[in-house]
Amino acid sequence: MLSRRSALAALAAPALPRLALAEGDARPSITVAVQKIANSNTLDIARENSNVGTRHFACYTEPLVDTDWITTLRPRAGLALRWERVDERRVEVALRPGVRFHNGDEMTAEDVAASFGPERLFGGEAGVAARVPPDVRAQGRAVFPGLSVEVLGRHRLRFVTGRPDPALDKRLGHRIGVVVSRRSLEEAESWLAWARRPVGTGPYRVAEFRPDNALILEAFDEYWGGRPPLRRIRFLEVPEVAARIAGLLSGEYDFACDIPPDQIAEIERSRGFEVQGGLIANHRFITFDKTHPQLADPRIRRALSLSIDRASIIEGLWAGRTEVPRGMQFPFYGGMYLEDWPQPRFGLAEARALVRAAGYKGETIPYRLLNNYYTAQTPTAQVLVEGWRAAGLNVQIQMRENWTQVLEAGPTRALRDWSSTVFIADPVSNMPSVWGRNGSHPATGEWRNEEAFAAVEALETEMDTGRRRAAMHRLLTILEQEDPAYAMLHQAANFTGKRRAIRWRAAQSFLMDFRPGNWDV
Amino acid sequence: MLRFLGFRLLRAAVTIVLVVSFAFVVLRLSGDPAQIIMGADAPPEAIVAFRRAWGLEEPLWRQYLRYFGAIVSGDLGRSMRDGRDAIALVAERIPATLALTIPALLIKLGLGIPAGITAALHRNSLIDRAVMMLAVAGFTVPSFVLGLLLVLLFAVQLGWLPSGGQEGWRHAVLPIVTMGIGGAAVLARFTRSAMLEVLGQPYIRTASAKGVPWRAVVWGHALPNAAIPTVTIIGFMVGSLIAGAVVVESVFSWPGVGRLLVVAVANRDLAVVQCILLLVAATMVTANLVVDLLYGALDPRLRQRTA
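Note that this is a predicted model, so its numbers are computed, not measured.

Conventions adopted
Residues numbered from 1 in each chain as written. Chains lettered and ligands numbered in written order. Predicted model: local features only at pLDDT ≥ 70, side-chain atom pairs only at ≥ 80, totals over all residues. Heavy atoms only, no water. Helix = DSSP H or I, 4+ residues; strand = E, 2+ residues; numbered from the N terminus. Rg over C-alpha atoms; globule rule 2.2 N^0.38 Å. Buried < 20%, exposed > 50% of the residue type's maximum accessible area, 1.4 Å probe, protein only. Contact = heavy atoms within 4.5 Å. Areas by Shrake-Rupley, 256 points an atom, 1.4 Å probe, with all protein chains shown as cover. Lys, Arg positive; Asp, Glu negative; His and termini not counted. Charge placed at Lys NZ, Arg CZ, Asp CG, Glu CD. Pairing = 2+ DSSP bridges. Buried area = accessible area lost by both parts, 1.4 Å probe. Salt bridge = Lys/Arg side-chain N within 4 Å of Asp/Glu carboxyl O. Polar contact = N/O pair within 3.5 Å; in protein donor to acceptor, adjacent residues only side chain to side chain. Domains from an automatic or database assignment. UniProt positions renumbered as here; feature names shortened; annotations may be inferred. 1 Å grid on protein atoms, 1.4 Å probe; cavity = no way out; pocket = protein on both sides within 12 Å on 5 of 7 lines; lining within 4 Å. Points joined across faces, edges and corners; volume = space filled by probe spheres on them. Nonpolar A, V, L, I, M, F, W, Y, C, P; charged D, E, K, R; others polar. Patch = residues over 30% accessible without salt bridge, like charges linked within 9 Å, V, L, I, M, F, W, Y side chains within 5 Å. Axes fitted to C-alpha atoms, helices over the stretch in contact; angles between N-to-C directions. Parallel < 35°, antiparallel > 145°, perpendicular 65-115°, else oblique.

Attention now moves to the overall build of chain A. Helix and strand counts for chain A stand at 19 helices and 16 strands. For chain A, whose C-alpha radius of gyration is 24 Å, the value lies close to the compact-globule estimate of 24 Å for 521 residues. Seen along its three principal axes, the alpha-carbon backbone of chain A occupies a region of about 85 × 60 × 40 Å. Counting every position in chain A, which comprises 521 residues, the buried fraction comes to 59%. Considering only intrachain contacts with a sequence separation of at least 6, the fraction spanning at least 24 residues in chain A is 69%. Of the roughly 19700 Å² of accessible surface on chain A, a fraction of 50% belongs to carbon and sulfur atoms. Mean positive and mean negative side-chain charge positions of chain A (68 and 64 charges, respectively) differ by 2 Å.

Put into structure tokens, the structure is as follows:
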């Protein structure tokens, strides 16, 4: 029989505060509203190699080498306690003992070997390896070219590459290099079943995954890094930004991700809410198709870069919350960062002179554009076009629906937007995959430069830091000055709305860190 | 009767073939699923591997023949996003969508028809003007605007209802109301104009002149004759039960067929899109068939003509 008291309690239950307290477990549960949980409907970051997947993967799976995403962006001990370079092709790793997977097994070198082997990344002809999808295999080969792993003991391994690799130790911190339970790979009824519930070592384990809807994680109390601060995390897919903000302000969500800069003031106008976040390890730039007749002359490409008023874009469209980098590199590269490399300049007079010298007669330069795929993409494009017009360049925006239409070869492909994210503290994180001989831009046929390819190869194989720095300098000189491949816009930024009472720091990445030490109320 | 049914079924089959073919051509010519699903930053070799795995490197005509052959043999294919069976993927979303669209349909019928009748019976009165003003407002405000307004009022300002998601009945209230209001407005306008047309007919005047009570005239003579255009609109509404909540499901983060369709089209996930289109076409064709049969039941002249 339903009593009046229980009926009233049932009616009032939904109105209880968001941080529900479970009986016997005082830790809060939270809801994080995201635009998208996963593009591929899977949770293996090697398959879901995307910004949206980056948001949550580190909650349940961890890379072999950890990265301090909140402050220094430098590698630090995680599942690997120590790593030591043996020679130009080999790195030895000592694992942290006593680390448990979500299935209760202790992590050993065998699990790491399977995670970096055919069973998970590279695929094979038989057994578990035969189930690995072809695109995962390709991702594995692209990030860990020619890698093999030798087990030296229960907690010791050696990583070996086919050719000298100066960044091998750093690659061990790449996001697709997460460690998963070998037994879980072998026992899963299919690759998809495993990839929907990967068994890792993270502070939270996957409790439920409803594709295109919700991902529910529960605290894994045997986590090696201490008891997780949250009982439950629910990532909820809320595609509309207005709905995410409304849900945050109404108290349904504790976090709302992907907040556009023009909404920051609106959220912070409500007492009790704030927007966190800022620069992330991603560059936004405009790329050039130098096979287009109007862009064949490098002076036109230089003029396009010179006539970009980056300061106005950052102030007007980003609320001043991002900055212009010193070329396609990041300070956290450490010894590989060229601190004296100049920021791109704004110089309309110089741009006009270059346009005149190139004999440009006002022919149309098409600019293929997606509708705000990137934050503030369309308004940025409108500002750019006006700047180019002031320099005497006739650029016309052509809206496109998806990347296939943007990348399609043809007479209307000249300018387009692009961005590049780095995952490890070294230029090999993105330079080969974008500008190398087999990189994305040479693959589309928009830009090729043999000397640049040689510089990229030097970055990938040269062991001497001085010579690598020289190669990086040469590469940037070609890419940004001599034979421009792109015009840098700014560093990307990412913003997350949250309740002010929650003491939590956003990472310099899309990744959300809910480990012990980054949560308090 | 059999000839009538056979002709309509044949017409439905041709419609479905055209829909499937059109969707294939448009989706495959306007985007590469590999590029879209793998993401902009995917290495070129991963894109190539994906294309090869899904047969996207074959000539388009061969892909079409392979795809069409599979449909004819009952195989609607697998989602390119995660390899799951497309039918299973769509089927598991149907209950969520029906949980919104059926109550919304009841609101449309329960509000729209009485409002339209009332307005017609009080033509040019204050009641008529008030009902029509609300109907025009409900008809012209797009559902995503109405949805967000309701969220601002009932979720953000008053805190009575959740703004989105699918956790329980409270989460369904705002999307149902959003859809219900718009549909009720449409029905009210159609019902009013149908009723006005019927009320001006000679047989209504005759019945009144014979001394039949006005209530009996309305129920016995006006309403059945005004039902035909209204039933047509209701048929469309029933036909869109499966995929008629695309916008509302997106605004309220409701994981139904509509949102699946949006995601599948954006990803050029052909098998899933085709599966939904087939389902929508089948629902629409069935609804139209039922409407055709209802015409006969409502209008004896049509029944005699068909016989």
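Additional details are given in the paragraphs that follow.
Residue and element names in this part refer to chain A. The strand order across the open sheet built from 10 strands is E8-E9-E10-E1-E11-E16-E12-E15-E13-E14, with neighbouring strands paired in mixed fashion. Either end of the sheet is taken by a strand with one partner, and the two such strands are strand E8 (204-210) and strand E14 (395-400). The pairing of strand E13 (residues 365-370) with strand E15 (residues 415-421) spans 2 bridges and is classified as parallel. Bridged to Tyr367 within E15 is Leu415.

Tallying the contact residues gives 41 residues for chain B and 47 residues for chain A. Summed over both sides, the interface between chain B and chain A buries roughly 3400 Å², with carbon and sulfur atoms accounting for 51% of that surface. The largest contributions to the chain B side of the interface with chain A come from Ala40, Arg81 and Asp82 of chain B, which together make up 16% of the buried area. Counting every contact that joins chain B to chain A gives 7 salt bridges. Between Arg93 of chain B and Asp212 of chain A there is a salt bridge; the shortest N-O distance is 3.0 Å. Taken together, chain B and chain A are joined by 15 residue pairs in polar contact (both at pLDDT 80 or more).

The assigned domain composition of chain B is domain 1 (2-89) and domain 2 (94-255). For domain 1 of chain B and domain 2 of chain B, the distance between their C-alpha centroids amounts to 36 Å.

Looking now at the UniProt feature "transmembrane region" (unreviewed entry) in chain B. Look at the UniProt record and you will see "transmembrane region" (unreviewed entry) annotated at residues 12-31, 98-121, 133-160, 172-190, 231-251 and 271-295 of chain B. Annotated as 100% helix and 0% strand, the span residues 271-295 of chain B places its first and last C-alpha atoms 36 Å apart.

Turning next to empty space enclosed by the protein. Residues and elements named next belong to chain A. Going through the model one piece at a time under the given rule, you end up with 8 cavities of 30 Å³ or more. Taken as a whole, the largest cavity encloses approximately 170 Å³ of empty space. In this structure, the largest cavity is lined by 19 residues; those nearest its centre are Ala58, Pro63, Asp66, Trp69 and Leu511. Every element with two or more residues in the lining of the largest cavity is listed here: helix H2 (51-60) and strand E2 (66-67). Class assignment of the residues belonging to the lining of the largest cavity gives a composition of 9 nonpolar, 6 polar and 4 charged. A domain-level breakdown of the lining of the largest cavity finds at least three residues from each of domain 1 (1-60 + 202-272 + 500-521) and domain 2 (62-182).

All names here are of chain B. Taken together, Val141, Phe144, Val145, Leu149, Leu152 and Val247 make up a surface patch of nonpolar side chains, about 460 Å² in accessible area. Looking at the nonpolar patch, the element that brings in the most residues is helix H8 (residues 143-157), giving 4 residues. Structurally, the position occupied by Phe144 is in helix H8. Residue Phe144 is classed as partly exposed on the basis of its relative accessible area of 43%.

Residue and element names in this part refer to chain A. Positive phi, close to 55°, is recorded for Asp258, a residue that is not glycine. Turning to its location among the elements, Asp258 is positioned in the loop between strand E11 (255-256) and helix H10 (264-268). With relative accessibility at 19%, the residue Asp258 sits in the buried group. If you check the backbone angles, Ala319 has positive phi at about 50° while not being a glycine.

All names here are of chain B. Two elements in contact, helix H11 (residues 214-239) and helix H14 (residues 270-298), have axes separated by 8 Å at closest approach and are oriented at 170°. Considering the angle they form, H11 stands roughly antiparallel to H14. The segment H11 lies against H14, with Pro224, Ala227, Ile228, Val231, Thr232, Gly235, Phe236, Val238 and Gly239 engaging Val280, Thr283, Met284, Ala287, Val291, Leu294, Tyr295 and Leu298. Per-class residue counts for the contact of H11 with H14 are 13 nonpolar, 4 polar and no charged.

The next point concerns the pairing of strand E5 (residues 90-95) of chain A. Residue and element names in this part refer to chain A. Pairing of strand E4 (residues 80-87) with E5 involves 6 bridges; the strand directions are antiparallel. Note that in E5 the partner of Arg85 across the bridge is Val91. Both E5 and strand E7 (residues 156-160) contribute to a ladder of 5 bridges, which runs antiparallel. Directly across from Val91, in E7, lies its bridge partner Phe159.

Residue and element names in this part refer to chain A. Spatial ordering of the open sheet is given by E4-E5-E7-E6, a layout of 4 strands whose pairing is antiparallel. Unpaired on one side and paired on the other, E4 and strand E6 (148-153) mark the two borders of the sheet. Strand-to-strand, the axes of this sheet are offset by a mean angle of 20°, without reference to chain direction.

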